[in-house]
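Structural overview
What follows is the residue order along each chain.
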Amino acid sequence: DAGVTQTPRHEVAEKGQTIILKCEPVSGHNDLFWYRQTKIQGLELLSYFRSKSLMEDGGAFKDRFKAEMLNSSFSTLKIQPTEPKDSAVYLCASSLKGGEDTLYFGAGTRLSVL
Amino acid sequence: SQLAEENLWALSVHEGESVTVNCSYKTSITALQWYRQKSGEGPAQLILIRSNEREKRNGRLRATLDTSSQSSSLSITATRCEDTAVYFCATSGGNYKPTFGKGTSLVVHP
């Protein structure tokens, strides 16, 4: 089985740009998570989908971050406009039944905002 | 505030030694998971232990859960250089959103 695929692996953006990160979950998984990872804050939940429905939109991340799940096999995370403090690794994970089950993570997208 | 957290930022051992990473959490949970993240990769699950379980093993790994003290430990025996990674605990409380600690960085020296 294919695991979680994230593209691109690396992204460099200028301040104010719009960037879109992509994620393909494990086939058959119902739940999809987007996390931001930094050394200081660790893994912070950005968005959580269950069967393509948005269950959690990440509170403080709402204003410039928007995740969508266009179908059960593809999700995007848009950051608009980007700021230097958005520099981080963005991880996508999927599971059969949320946090009660194993989360399968992609390798992540490392974003650098100049 | 972090609902789950590991008790040490970093650990260092030599190959062959045993090591334990501890985790404490602040809410009622239904399950606790341990993950390992190697450089350049996403986290990968090691063990999932449910709230009605006290211990779970996976090869050289052993996880314990004490719901009365709201703590868990992950022990690795006979460590190898390839165990070098960041170890996270993640808790679930029935809302299906796992909360991750900030991780403990483990370095295993040859």
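In the block above lies the structure referred to throughout.
All figures in this text were calculated on a predicted structure; none of them were measured in a lab.

1. Side note on the interface of chain A and chain B
Counting residues at the interface gives 24 residues for chain A and 23 residues for chain B. Approximately 1700 Å² of surface area, both sides summed, lies buried where chain A meets chain B, with 51% of it carried by carbon and sulfur atoms. On inspection of chain A and its partner chain B, the count reaches 0 salt bridges. Scanning the region where chain A abuts chain B turns up 7 residue pairs in polar contact (both at pLDDT 80 or more). At the level of elements, β4 (31-38) and β5 (42-50) of chain A are the ones that each hand at least two residues to the side of chain A that touches chain B. Residue contributions to the side of chain A that touches chain B peak at 5 residues, all from β5 of chain A. Of the residues in the side of chain A that touches chain B, the class split is 10 nonpolar, 7 polar and 7 charged.

2. Details of the nonpolar core
Residues and elements named next belong to chain B. Among the nonpolar cores identified, the biggest contains 23 residues, and Leu32, Trp34, Leu74, Tyr87 and Leu106 are the most heavily contacted of them. Those elements giving two or more residues to this core turn out to be β2 (10-14), β3 (19-25), β4 (31-37), β5 (44-50), β7 (61-66), β8 (71-76), β9 (85-92) and β11 (104-109). In terms of residue count, β3 provides more of this core than any other element does, 4 residues in total.

3. Thoughts on the sheet that holds strand β7 (residues 65-71) of chain A
Through backbone hydrogen bonds, the strands of a sheet pair up, either in parallel or in antiparallel fashion. Residues and elements named next belong to chain A. The strand order β1-β3-β8-β7 describes an open sheet built from 4 strands, whose pairing is antiparallel. Unpaired on one side and paired on the other, β1 (5-7) and β7 mark the two borders of the sheet. On average, adjacent strands in this sheet sit at an angle of 20° to one another, irrespective of strand direction. Sheet topology places β7 next to strand β8 (residues 74-79); 6 bridges connect them, and they run antiparallel. By the bridge assignment for β8, Ala67 is matched with Leu77.

4. Focus: the pairing of β4 of chain A
Residues and elements named next belong to chain A. With respect to burial, β4 is a largely interior element, 7 of its 8 residues being buried. Pairing of β4 with β5 involves 8 bridges; the strand directions are antiparallel. Following the sheet pairing, Asp31 is matched in β5 by Arg50. Taking the residues that link successive antiparallel strands as the turn, the β4-β5 hairpin has 3 residues. Note: β4 against strand β9 (residues 88-95), 7 bridges, orientation antiparallel. Looking at β9, one finds that Asp31 is bridged to Ser95.

5. Quick notes on the packing of aromatic side chains
Enumeration over the complete set of coordinates arrives at 9 aromatic pairs over all chains. Members of the aromatic cluster, joined through ring pairs, are Phe33, Tyr35, Tyr48 and Phe105 of chain A together with Tyr35, Phe88 and Phe100 of chain B.

Cut-offs applied
Residues numbered from 1 in each chain as written. Chains lettered and ligands numbered in written order. Predicted model: local features only at pLDDT ≥ 70, side-chain atom pairs only at ≥ 80, totals over all residues. Heavy atoms only, no water. Contact = heavy atoms within 4.5 Å. Buried area = accessible area lost by both parts, 1.4 Å probe. Salt bridge = Lys/Arg side-chain N within 4 Å of Asp/Glu carboxyl O. Polar contact = N/O pair within 3.5 Å; in protein donor to acceptor, adjacent residues only side chain to side chain. Helix = DSSP H or I, 4+ residues; strand = E, 2+ residues; numbered from the N terminus. Nonpolar A, V, L, I, M, F, W, Y, C, P; charged D, E, K, R; others polar. Core = buried A, V, L, I, M, F, W, Y, C linked by side-chain atoms within 4.5 Å. Buried < 20%, exposed > 50% of the residue type's maximum accessible area, 1.4 Å probe, protein only. Pairing = 2+ DSSP bridges. Axes fitted to C-alpha atoms, helices over the stretch in contact; angles between N-to-C directions. Phe/Tyr/Trp six-rings, centres within 6.5 Å; stacked < 30°, edge-to-face > 60°.

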